[in-house]
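Below, each chain spelled out in residue letters.
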Amino acid sequence: MSAQPYRREGASGRVLRFRFDGREYEGLEGDTLASALLANGVRAVASSVRLGRPRGVYAAGCEEPNALVQIEEPFPEPMLQATTVELYDGLVATGLPGQGRLADRPDPARYDAVHAHCDVLVVGAGPAGIAAAGVAARAGARVILADERPEPGGSLLGTAETLGGRPGREWAAEEAAALAALPEVRVLRRTTVLGHYDDNYVIAVERRTNHLGAHAPAGMARERVWRIRAKRVVLATGGHERFVAFAGNDLPGVMLAGAARTYANHYRVLPGRRAVVFTTNDSAYAAALDLAGAGVEIAAIADVRQAPGEVWASRCAERGIEVLTGHVVTAAKGEGEVSSVGIAPRVGGGVREVPADLLLVSGGWTPVVHLFSQAGGTLRYDEELGAFTPGETRQAVEAAGFARGVRTLRACLEDGAEAGRRALAAAGFALPAEIAVPSAEGEPAAAPAEHLWLVEADDYRTHFVDLQRDVTVAEVLRATGAGLTSVEHVKRYTTAGTAHDQGKTSGLLTGGVVAHALGVDLAELGTTTFRAPYTPVSFAALAGRDRGPLHDPVRVTAVHEWHAARGALFENVGQWKRPWYYPRQGEDMEAAVLRECRAAREDVAAMDASTLGKIDVIGPDAAVFLDRLYTNMMSTLKVGSIRYGVMCRPDGMVFDDGTVIRLADDRFLVTTTTGNAAAVLDWMEEWLQTEWPDLRVCCTSVTEQWATVALVGPRSREVLARLAPGLAVDNESFPFMTWRDAEVAGIEARVCRISFSGELAYEINVSSWSGLALWEAVMASGEVTPYGTETMHVLRAEKGFPIVGQDTDGTVTPQDLGMEWIVSKKKADFVGKRSFARADTSRPDRKHLVGLLPEDPGVLLPEGAHLVETSALPEPPVPTLGFVTSSYRSAALGRTFALALVSGGRERVGERLYAPVGADLVPVTVTSHVLYDPEGARRDG
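An account of the accompanying structure is given in this report. (Residues numbered from 1 in each chain as written. Predicted model: local features only at pLDDT ≥ 70, side-chain atom pairs only at ≥ 80, totals over all residues. Heavy atoms only, no water.)

1. Things to note about the overall build of the protein chain
Short version of the rule: Per the convention used, a helix needs a DSSP run of H or I reaching at least four residues, while a strand needs a run of E reaching at least two, with both numbered from the N terminus. Accessibility here uses a 1.4 Å probe with only protein chains present; expressed as a share of the type maximum, an area under 20% marks a residue as buried, one over 50% as exposed, and anything in between as partly exposed. Contacts are assigned to residue pairs that have any heavy atoms within 4.5 Å of one another. The Shrake-Rupley method, run with a 1.4 Å probe sphere, supplies the accessible areas, and residue values consider only the shown protein chains as cover. When charges are tallied, Lys and Arg are placed among the positive residues and Asp and Glu among the negative ones, while His and the ends of the chain are skipped. Charge positions come from single atoms, namely NZ of Lys, CZ of Arg, CG of Asp or CD of Glu.
Scanning the protein chain from N- to C-terminus turns up 20 helices and 49 strands. Each of the three principal axes of the protein chain carries a C-alpha extent, and together these read 105 × 75 × 55 Å. When the 941 residues of the protein chain are sorted by exposure, 57% land in the buried category. Looking at the protein chain alone, contacts between residues at least 24 apart form 65% of all its contacts between residues at least 6 apart. Here the protein chain has roughly 37800 Å² of accessible surface; of this, 51% comes from carbon and sulfur atoms. Looking at the protein chain, you have 96 positive and 119 negative side-chain charges, and the mean spots of the two groups are 1 Å apart.

2. Considering the packing of helix α9 (residues 473-481) against helix α10 (residues 487-494)
Selection criterion: With axes taken as lines fitted to C-alpha atoms, and helix axes fitted only over the stretch in contact, angles between N-to-C directions fall between 0 and 180 degrees. Angle categories: roughly parallel below 35 degrees, roughly antiparallel above 145, roughly perpendicular from 65 to 115, and oblique for all the rest. Two helices that cross are described as forming a left-handed crossing if the nearer one is turned anticlockwise from the farther one by less than a right angle, and a right-handed crossing if clockwise. When residues are grouped by polarity, Ala, Val, Leu, Ile, Met, Phe, Trp, Tyr, Cys and Pro land in nonpolar, Asp, Glu, Lys and Arg in charged, and all others, Gly among them, in polar.
Interaxial distance between α9 and α10 falls to 10 Å at its minimum, and their mutual angle equals 125°. Between α9 and α10, the angle is such that the two are oblique. As for how α9 packs across α10, the hand of that crossing is right-handed. Within the contact between the two elements, α9 uses Glu-475, Val-476, Arg-478, Ala-479 and Thr-480 and α10 uses Val-490, Tyr-493 and Thr-494. Residues of the contact of α9 with α10, tallied by class, amount to four nonpolar, two polar and two charged.

3. Thoughts on the side chain of Ser-890
Keep this limit in mind: Definition of a polar contact: a pair of N or O atoms within 3.5 Å, with one able to donate and the other able to accept a hydrogen when the atoms are protein atoms, and with sequence-neighbouring residues admitted only if both atoms are side-chain atoms.
Relative to the helices and strands, Ser-890 is located in strand β46 (residues 882-890). A distance of 3.3 Å separates the side chain of Ser-890 from the backbone nitrogen of Ala-892, its partner in a polar contact. Not counting chain neighbours up to four residues away, the residues in contact with Ser-890 comprise Leu-594, Glu-798, Arg-895 and Phe-897.

4. As for the sheet that holds strand β21 (residues 327-333)
Test applied: Following DSSP output, two strands are said to pair if at least two bridges run between them.
Reading across from one edge, β21-β22-β23 is the order of the three strands in this open sheet, with antiparallel pairing throughout. Lying at the two open borders of the sheet, with one neighbouring strand each, are β21 and β23 (352-355). Here the strands of the sheet are splayed against their neighbours by 30° on average, with no regard to which way each runs. In terms of strand pairing, β21 meets strand β22 (residues 340-345) through six bridges, oriented antiparallel.

5. Re empty space enclosed by the protein
We count it as follows: Method remark: on a 1 Å grid restricted to protein atoms, a set of points is classed as a cavity if a 1.4 Å probe fits but cannot get out and as a pocket if it is open with protein on both sides within 12 Å along at least five of seven lines; lining residues have an atom within 4 Å of a point. Grid points are joined across faces, edges and corners, and a volume is the space filled by probe spheres set on the points.
Scanning all chains against the criterion turns up four cavities of 30 Å³ or more. Within this model, the largest cavity holds a volume of roughly 380 Å³. Along its surface, the largest cavity is lined by 28 residues, and Gly-503, Gly-507, Leu-508, Thr-528 and Phe-530 are the ones closest to its centre. Here the lining of the largest cavity gets four residues from one element, more than from any other, and that element is helix α11 (residues 507-518). When grouped by side-chain class, the residues that make up the lining of the largest cavity number 12 nonpolar, 13 polar and three charged. Looking at the second largest cavity, its volume works out to about 100 Å³.

Rendered as structure tokens:
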């Protein structure tokens, strides 16, 4: 279509060519796909998801419920609103039947993420938002102003209102540019704030390029996720216009009055030739007059009220526009799009058919309270507005402008400026002496609005309340007729408000219809829950560049390069790369591990243990706190001593284990398993914040602060004595489970006598900056063999030391592990204590940790193998007694062995069981889980 019959004169901009549903069109730079389609006379854009009814453009922003499209080129992108797709040259799109299609090839675009902090975050660059940001920024505060549109201005973009004698759009552009020039200010355009979480943590998505358009700078990320932490948040999010439920209110050609005004003023597009306006408030009069001035014939205004604003009625009379007070639109009619509109008095009288191709509807305006509600704010019903507005909130956030129900442009500017002052004061900044706001002209006094939710009829099957979900008044009445009285229940029964628009235009309307059906006040009924995200967000944006090695961060120790240079193979333990084993020339894994084990048992060996989780627990109540978390007593631990401990969940099952080092009366260092460090810190914080907030305790992760070298073996004391000549290392001076400060290889260190192998051993802790120097000094001090995690597993398994997560599976108590001794009988309570009294946790047939010796000492059982009693497998299912948790070859034992969880395992010591391995049954003998040095004599050398 070469002609553009619906484009107003005076429109300018570079011509852009695009294709929609297989046809070629032209638009102008600055258009959205929706405005370009309307300019070309395209009325039906998509079809509804359930009924397949034709649907056209209904709104002008992210509240659009109908015009869903899919970008086809250069990369398929489904479920986009035509109102938010910026037009670019070469765009190819299709209308959707309510659902999209995923691409069958990888997305070539990049996606970024950034963290930001600010004193004041202002959401919304309309009049109130710009005023708030201006006051805060000019006082020197760090300010972020975020708005979802390509240009600032908010409601000013769609009106002919002036500020300070100039068009509002120009004022907004100049103010935003001035703000962006300030050093502490970020003005984020095309940036939608999606979620507001605790402690003013806010998530936003910035669209940085034009839907994969060809004009994007090379290498620029297409979308960027902003993770913002703000001292104060000002929500100047404005409002959305809502419609009214009447017959055929979904036909293409039915549009929100404010949206039509935006297309005429901002995009210079006429959404129709002859229009009927249906309204419950004065705002639609301004839309009618602007459209009339643009060349649209206004056939009639049907106002449900008996008395609209006098100024508006007078202006309409001057233009010869017929105003029918006390009237409603009964139906929009037409084949595929609007061709006529039925109008009738609210009380009595017949229906008048008015030919028209455009029906503009305004059922009132609803403040955008989504983010305020997400932040934990309460809502209150505004009787005059007929909508819910922000009430109280527990967070440092407030609404400004129409987002909190302020009606006029002048009042919104003043309210935004005051919000900026309050945010400044709360953030600790000096307040500016005066607040200067521009004068706003052309704001006649408004007459009270009336709140009409539906036009009554005998048949409600085409009275739509949710256009995206095809939900009608008939379905809402069916829900209330079935006994549903909660708007949340009705939402789930009908699916109203659950689509991509999240009920922005339909949510309050649905509530109003429910209230009407039940005969209750909408204030009493309340609203549904507002959840993030505010608008749909792509999975690609949320994932960002977290792909490949960035998907899960790779963590390495200070000694990593040394290990790699010596040919170590690495094992992933959580996010850490840990040396697995160090093969020499001609060695396979088995030979290398056996050699490393012999060195640790017979000579001296060293392991990089820096990855162990380390948490500083500090405060006057630190000892009390740890007593409550661990099964054994920690408060009796003396400064300079160490104690092994186990944490359980409330159900009594083992959660983590490690050592606790007492550094001072009010300070402990807790170590955890490598993979569980973050979970343990989170566990501690959860208990402190939700159950024991009275405890004066602070927990800090210091895992990366320390590098740790485990020095193990009969000669370890000799090596340490050479490295730390000032440290007395004999058993009497330095007993087991104590620590000493010392200089090791000239480096300040904390040396702990801890053993996870059963051998004489020390753990030397230094600043991570000195980790490599310490390791190299240890390696140079004699024939010290480096060993990896596989050797560590063999050494600890020989001693029966369990690894949480390998020898436990979330169903194992300390007693099941043969560790009754670690469960205190002195403490009144600790997490999990009461669960040990349950009959189930004291059953004798519970799975216990035991050792297994294969009858053939060369057979290595696969980990996970099940155990049965019979030597001949019956038909499945076969009852299992347990399973193998760890299985190794042992240099010290001269054979293979395994650890297993076996039902009633302690009573089965000496019994023969069988492990199905492939088609064979491998006989094994049950033993104690401590297979090496059961007396513990080697611990002291």
